[in-house]
Amino acid sequence: DIAFARGVKGTRSPVRVSVRGDVAWTTATSTTRGKFRGRPVNSSGAELMVLTRIQDTWKISAIHWSSRDR
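Residues numbered from 1 in each chain as written. Predicted model: local features only at pLDDT ≥ 70, side-chain atom pairs only at ≥ 80, totals over all residues. Heavy atoms only, no water.

### Focus: the pattern of salt bridges
Thinking step 1. Under the counting rule described, the total for this entry stands at two salt bridges.
Thinking step 2. The partner of arginine 12 in a salt bridge is glutamate 47, with the nearest N and O atoms 2.8 Å apart. Of this pair, arginine 12 sits in strand β1 (residues 9–12) while glutamate 47 sits in strand β4 (residues 39–54), placing them 35 residues apart in sequence.
Thinking step 3. Taking the shortest distance from any N to any O, the salt bridge between aspartate 22 and arginine 53 comes out at 3.1 Å. Of this pair, aspartate 22 sits in the loop between β2 (16–20) and β3 (23–36) while arginine 53 sits in strand β4; the two residues are 31 residues apart in sequence, bridging distant segments of the chain. (Salt bridge = Lys/Arg side-chain N within 4 Å of Asp/Glu carboxyl O. Helix = DSSP H or I, 4+ residues; strand = E, 2+ residues; numbered from the N terminus.)

What follows is the structure, given as structure tokens:
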């Protein structure tokens, strides 16, 4: 993952945050273009993170990443 992130240029949309009581979630999209290990990369991605507040501390409950060819 680190080699890919260093080798391929990616841009991410601003992160959107929503909070309802003791649950919060963030969403963002991204695009990635370039070459990695000699293969072309051109993809769109989405990410979601769900957090739960427990005793005044936010804990990550779930993370989802997905991508597809553009």
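There is more to say, and it comes next.
### Overview of the environment of arginine 20
Thinking step 1. Assignment of secondary structure puts arginine 20 in strand β2.
Thinking step 2. You can call arginine 20 exposed: its relative accessible area is 64%. (Buried < 20%, exposed > 50% of the residue type's maximum accessible area, 1.4 Å probe, protein only.)

### Points about the environment of proline 40
Thinking step 1. For proline 40, the location among the structural elements is in strand β4.
Thinking step 2. On the accessibility criterion, proline 40 (68% relative accessible area) is exposed.
Thinking step 3. Taking the C-alpha atoms as reference points, proline 40 and valine 17, 23 residues apart in sequence, are found 32 Å from one another.

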